[in-house]
Amino acid sequence: MDNNNAIPTHPATLAALAIFTAVSLGLGVVANLVSSKKAGFLQKYFLGNRSLGAFAVALTAAVMSGGTFLGFPSFVYQYGWVVGLWIASYMVAPLTVLGVLGKRIGHLSRRTGAITLPDLFRERFGSPLLGLLTSLFIIFFLSCFLVAQFKAGGVLMKIVLPSSTYDWANVENFAVTLDKGYVIGLLIFTTTVVAYTAYGGFLAAIWTDVFQSIIMAIGVLIMLPLAISKAGGLEMATLKGMEIAGDGFGFGPGAGRAFHPLTMSISFFVMWAISGMGQPSTMVRLMAFRDTRTLRYSMLYLTVYNMLVYIPLILIFVCSRSIMPGLTNSDEVMPRMVVTLANPYLAGLILAAPYGAVLSTVSGFLLIISSGLVRDVYQRFIRPAATEREIARASYAATVVVGLVVGIFALKPPDFLQLIVVFASGGMASVFLMPALLGAFWRRANAQGALAAMLTGAAVTMALYVYGSILGHQEVDQMIGAKPSSNGFGAYYLLGFEPVIWGLLSSFIAGVIGSLVTPPPDPARVSLLFDAQPPSAPAPATLDLHPELESDIA
Amino acid sequence: MSQPHHTDPLLRNSRREAIIIGLTWLAATTYCCAYSYFFGYIREGQQLTKADLNMIFGVPSWVVWGYLVPWVVCAVFTFWFAGWYVVDDDLGYDHTAELESDIREGGVGG
């Protein structure tokens, strides 16, 4: 942050953020109180009793995080209209993210009784190893992602905190040099998110997500006419942007830069619309929706929401270049535009939304990691006979411990966070999407094929990052708008495509070949999951324990 | 299994719907990337400047035809697809409690 030119804040901004934080904590308490006592603790805590409505599914699948309100506006400010193409696959994302796997994941998770992604893979393929490996990959990739989100939360809180609130703090005694404002911001953020997530579980995460999504949509729609008016119209904004940044502001690739060449345009149609299907957070929501009618309506709502938020965001931040031409740190364009355009009370409300986006992203991810630890490690491998009470305690403890550990790592986060976010998203898609797709639609897909798909996807993605880091191709990272990292961390863009393309392709090939060259899966298990079954048909796990029940299968 | 499969209707419907969605994604990707590249990208043999900008309501025309209009078309398609085409299927009986008791019965790693 440029301290010489700090963002002017107003007490109202801080008040809005305080109210937002209080509401989030309140939602955690209410979520805990209203959760049905009928369902088992794990299903209630980690899956909200599979009761999500269309509005909740749509808004929580809107894939918003801190990056939506900080990184994306910064891109538009720097590179202009071509950033619209960068995000344009959101036009089909409601269909792909919810429609391709939605029904089958919802069906398979009920059929198997799965409440986590490792549960689902383990039961679909009949492989404990696959379940454990899924947990480990989730913990690895989501932890990378969480450090970036915690940093965003700490930075946002620092922006609105008056310096008097942290001047008293003495952090000079730490072994490393720390930014006081950031540390206090991070502390407040970590405490809030861990408290309401641990207490309220899945429903608290969902409700906060819905709350912040509504606030953000309102904020964006209010800012749109203000920004266009201040810039003197869109045409004026475009021409002035081209004068300042170069002809690339009005065309692609980005203004005289490497940003978003054709290969990256194609890559990002895969990155958002296809790899979005393979994110554990998406798949958990697909296990939690109420019925297929809910799924259909959520596609409609998400379509409307994406148009109402993302297209106006492009227009607003194209205007921002002419309104604030000399911004030294473009990551601050969003809060600066809000403070410039809106009155303090409205600014406070709008600034609270990105904070809420980070909060809700973090709470969802925390639960995915803690559910993996409790269900797929503690219950499966340590204490299968654990009582409800023990499981509840373990769940609360896992959520708190994971949150605190990530918070500690975020005290001194690496400086190449955007690359880490892209790496983690692409990595998760390369690891989880093909096993999910093949497992959902192909009878012949077996555990060996799923393992091959998972390991190959991970290996190819990591190899491209390791190779890129060794070669030191950081300048190429400008193609995705990432700032070069100081220690050489970066991807290798084979033939100019993002690593996720190669990860997905290799994972698919390995999954198909791995399944075909090994014995076919157990026909009884496949029949249970692919054929119409009577209500008395057992779950696959029951069939493993009691093979004599095979006669109940259609 | 040697007997003919009685494939679950949900699987048949979702497989068909997934294929249509895949084709829609492919069409959107191909059109948007190709149109934007040919009409909105500075490249060898096509040096675009301010003079080449055609504006529609203040927005460069390649933006309007390259991704804004396709966005609206996709939205209309999604309304038809999700509103009328996608079949409401039964997600079946929820075996969560059964799996829970299987885990207890199966012991460590079970």
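Because the structure is a prediction, the values reported are computed rather than measured.

**Q** Would you mind going over the overall build of chain B with me for this structure?
**A** In terms of helices and strands, chain B carries three helices and two strands. Counting helices and strands in the order they occur from the N terminus, chain B gives α-β-β-α-α. For chain B, whose C-alpha radius of gyration is 24 Å, the value lies well above the compact-globule estimate of 13 Å for 110 residues. Dimensions of chain B along its principal axes, counting C-alpha atoms only, are 75 × 35 × 30 Å. A burial count over chain B gives 45% of its 110 residues as buried. For chain B, restricting intrachain contacts to residue pairs at least 6 apart in sequence, the fraction spanning at least 24 positions comes to 63%.

**Q** Which parts of the structure should I look at to understand the confidence of the model for chain B?
**A** For residues with low pLDDT, the predicted coordinates do not support detailed interpretation. All names here are of chain B. Of the residues in chain B, 93% reach a pLDDT of 70 or more, and the chain-wide mean stands at 90. Averaged pLDDT values for the elements of chain B fall to 85 in helix H3 (residues 96–106) and rise to 97 in helix H2 (residues 61–85). The ipTM for the predicted assembly is 0.92, set against a pTM of 0.89.

**Q** What am I meant to see in the interface of chain A and chain B here?
**A** Quoted interface sizes are often the accessible area lost when the parts come together. Taken together, the contact between chain A and chain B spans 93 residues of the former and 72 residues of the latter. At the boundary of chain A with chain B, total buried surface from both sides reaches about 6,900 Å², with 68% on carbon and sulfur atoms. Among the residues chain A hides against chain B, the three largest losses belong to Met91, Lys103 and Phe251 of chain A. Together they make up 12% of the total. Remark: the boundary between chain A and chain B carries six salt bridges.

**Q** What exactly am I supposed to notice about the packing of helix H1 (residues 11–34) of chain A against helix H17 (residues 344–382) of chain A here?
**A** Helix packing for two helices is described by the angle between their axes and how far apart those axes are. All names here are of chain A. It is at 7 Å that the axes of H1 and H17 come closest, and there the two elements cross at 40°. As summarised for this structure, H1 and H17 are arranged oblique, according to the angle between their axes. Note that H1 runs across H17; the crossing there is right-handed. On the side of H1, the interface is formed by Ala12, Thr13, Ala16, Leu17, Phe20, Thr21 and Ser24, while H17 contributes Pro344, Tyr345, Gly348, Leu349, Leu351, Ala352, Tyr355, Gly356 and Leu359. Of the residues contributing to the contact of H1 with H17, the split by class is eleven nonpolar, five polar and no charged.

**Q** Explain helix H12 (residues 234–245) of chain A here, please?
**A** One turn of an α-helix holds 3.6 residues; hence residues three or four places apart share an orientation. Residues and elements named next belong to chain A. The end-to-end C-alpha separation of H12 is 16 Å, in line with the 16 Å expected for twelve residues at 1.5 Å each. Of all the residues in H12, the buried ones are Leu234, Ala237, Thr238, Gly241, Met242 and Ala245. One face of H12 carries all of its buried residues, which in axial projection span an arc of 130°. Positive phi shows up at Gly246, right after H12, with a value of about 110°.

**Q** What exactly am I supposed to notice about the packing of helix H13 (residues 262–273) of chain A against helix H1 (residues 9–40) of chain B here?
**A** Put simply, H13 of chain A and H1 of chain B touch, their axes get as near as 10 Å, and they point 150° apart. Judged on the interaxial angle alone, H1 of chain B and H13 of chain A are roughly antiparallel. Here the hand of the crossing between H13 of chain A and H1 of chain B comes out right-handed. Contacts between H13 of chain A and H1 of chain B involve Leu262, Ser265, Ile266, Phe269, Val270 and Ala273 of chain A on the former and, on the latter, Trp25, Ala28, Thr29, Cys32, Cys33 and Tyr37 of chain B. Taken together, the residues of the contact of H13 of chain A with H1 of chain B sort by class into ten nonpolar, two polar and no charged.

The rules behind each value
Residues numbered from 1 in each chain as written. Chains lettered and ligands numbered in written order. Predicted model: local features only at pLDDT ≥ 70, side-chain atom pairs only at ≥ 80, totals over all residues. Heavy atoms only, no water. Helix = DSSP H or I, 4+ residues; strand = E, 2+ residues; numbered from the N terminus. Rg over C-alpha atoms; globule rule 2.2 N^0.38 Å. Buried < 20%, exposed > 50% of the residue type's maximum accessible area, 1.4 Å probe, protein only. Contact = heavy atoms within 4.5 Å. pLDDT = per-residue confidence, 0-100. Buried area = accessible area lost by both parts, 1.4 Å probe. Salt bridge = Lys/Arg side-chain N within 4 Å of Asp/Glu carboxyl O. Axes fitted to C-alpha atoms, helices over the stretch in contact; angles between N-to-C directions. Parallel < 35°, antiparallel > 145°, perpendicular 65-115°, else oblique. Left-handed = near helix turned anticlockwise from the far one by under 90°. Nonpolar A, V, L, I, M, F, W, Y, C, P; charged D, E, K, R; others polar. Expected span 1.5 Å × (residues − 1). Arc of directions from axis to C-beta.

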